[in-house]
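# Coordinate analysis (summary)
Listed here are the chains, written in short residue letters.
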Amino acid sequence: MLIFFSLLPMDGVLKSVIYTAVNTASYAIIIYGNILVLYPSFYQKRRFVWYGITVVLFLILTGILRGYASIILYQYFLLIKITPIDLTTLLGYVPGGILIYILSLVFRIAIAYFTLKQQTEEILLQKSQAELNLLKSQVQPHFLFNVLNNIYYRVYKVDPQSAGLIERLSEIMRYFVDESPKDEVPLATEVAFIENYMELEKIRIRHGAIINFEKAYNPELRIPPMLLMTFVENIFKHGIDKSRKQNQVTISLVQQDGYLLFKTSNRKIVSMATNKSNGFGIVNLTKRLRMLYGEKFELNIDKEGELYTAFLKIPL
């Protein structure tokens, strides 16, 4: 509209319409050709040399087509005398598209800037929300820890043994909240978690259980969390006969020649349901071990005889 009404007083309606239509079409080709094709295909991929070459060729081609269309339409509608169209005349229309191209490039970069700014603001908002959610998730468990501690001190006066179990439960919950999300935890922390778990499980066994836990390692060693727990959990889920008076479990955790050796042994309870349940934990553990150590670990399960024995060897 700006082009049309600026030309109308001098050139008349028909010539103004032709000039406006041709130039608007050529400007649209330059703008959208750059924004939708050249910019994402070359500039965003950091192929700046090719971007410059294609832009020059694109502007020359667009200018030539604009000049050719203008001359042909003027000759046809305005009954202007037909004259030969040479390349020099057509190239004279090229400079008019350069400013349009520059404006389109600035426009496209501005869009990219404001899009990036909006994404950054959204990321910061999500980060703030995540931090708030994390704070909430920490407040609630720590509130529960404080409550358990208060219960512990009250129960301790009456029943020290039950108070000790409450303390172990508190430590297990603290492990899940503070330690399990980490990539690695101290081996001493992992062992303390296992021991707390075993003490709480023992109260569910009518006649108790005899657990021999051999330990020989550097407490400062670090391993992925919950790596040893699958075997211990399987012992209490599938390897303890609650009706039997003697349930004996042997656990060994030894550091040797740059490896950590973990072995569990317990009497086997024959049950189809038990065998089925056992499989998923070991399968998932095997997948995790492959992700962590590739083929540098050793995992053996021995179901022969009366004992169920599991052996794990991982590099340190």
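Preceding this section is the structure that the text describes.
The structure presented is a predicted model; accordingly, all values stated were derived computationally and were not measured.

Quick notes on the rules
- Residues numbered from 1 in each chain as written.
- Predicted model: local features only at pLDDT ≥ 70, side-chain atom pairs only at ≥ 80, totals over all residues.
- Heavy atoms only, no water.
- Pairing = 2+ DSSP bridges.
- Helix = DSSP H or I, 4+ residues; strand = E, 2+ residues; numbered from the N terminus.
- Buried < 20%, exposed > 50% of the residue type's maximum accessible area, 1.4 Å probe, protein only.
- Phe/Tyr/Trp six-rings, centres within 6.5 Å; stacked < 30°, edge-to-face > 60°.
- Lys NZ or Arg CZ within 6 Å of the ring centre and 35° of its normal.
- Axes fitted to C-alpha atoms, helices over the stretch in contact; angles between N-to-C directions.
- Contact = heavy atoms within 4.5 Å.
- Polar contact = N/O pair within 3.5 Å; in protein donor to acceptor, adjacent residues only side chain to side chain.

## A closer look at the pairing of strand β5 (residues 259-267)
By the bridge criterion, eight bridges tie strand β4 (residues 248-256) to β5 in an arrangement that is antiparallel. Its bridge partner being in β5, Val-254 is matched across the sheet by Leu-261. As paired elements, β5 and strand β7 (residues 307-315) share nine bridges and run antiparallel to each other. Along β7, the bridge assignment pairs Ser-265 with Thr-309.

## Quick word on the pairing of β4
In this sheet, β4 lies alongside strand β2 (residues 210-216) in parallel orientation, the contact comprising seven bridges. The partner of Ile-211 across the bridge, within β4, is Val-249. The turn joining β4 and β5, which pair antiparallel and follow one another in sequence, is formed by two residues; a positive phi near 50° is taken by Asp-257.

## Considering unusual backbone geometry
Its identity as a non-glycine residue notwithstanding, Met-226 has a phi of 60°, on the positive side. Note on placement: Met-226 falls in the loop between β3 (222-223) and α7 (229-238). For Met-226, a relative accessible area of 26% gives the class partly exposed. Residue Asp-257 is not a glycine yet carries a positive backbone phi of 50°. Looking at Asp-257, the relative accessible area reads 72%, which means it is exposed.

## Points about the packing of aromatic side chains
For the structure on display, the rule yields six aromatic pairs. One aromatic cluster is present, built from ring pairs that chain together Tyr-39, Tyr-43, Phe-48 and Tyr-51. For the cation-ring pair, Lys-215 lies above Phe-213, with the distance from its terminal atom to the ring centre recorded as 5.2 Å. In this structure, Lys-313 packs its charged tip against the face of Tyr-259, placed 4.5 Å from the ring centre.

## Overview of the sheet that holds β2
Strand order in this open sheet of five strands is β2-β4-β5-β7-β6, and the pairing throughout is mixed. A single partner strand is all that each edge strand has here, and the edge strands are β2 and β6 (298-302). With strand direction ignored, the average angle separating the axes of adjacent strands in the sheet is 5°. Strands β2, β4 and β5 of the sheet are contacted by helix α6 (residues 187-202), whose axis makes an angle of about 175° with β2. Helix-sheet contacts for α7 involve β2, β4, β5, β6 and β7, and the interaxial angle to β5 is about 5°.

## Let's talk about the environment of Glu-298
Its place among the elements puts Glu-298 in strand β6. The partly exposed category is assigned to Glu-298, whose relative accessible area is 34%. Distance from Glu-298 to Leu-261, taken between C-alpha atoms, is 9.4 Å for residues 37 residues apart in sequence. Ignoring any residue separated from it by four or fewer positions in sequence, one finds Glu-298 in contact with Phe-311, Leu-312 and Lys-313. A polar contact of 2.9 Å, which involves the side chain of Glu-298, links it to the side chain of Asn-300.

These figures come from the coordinates and say nothing about function on their own.
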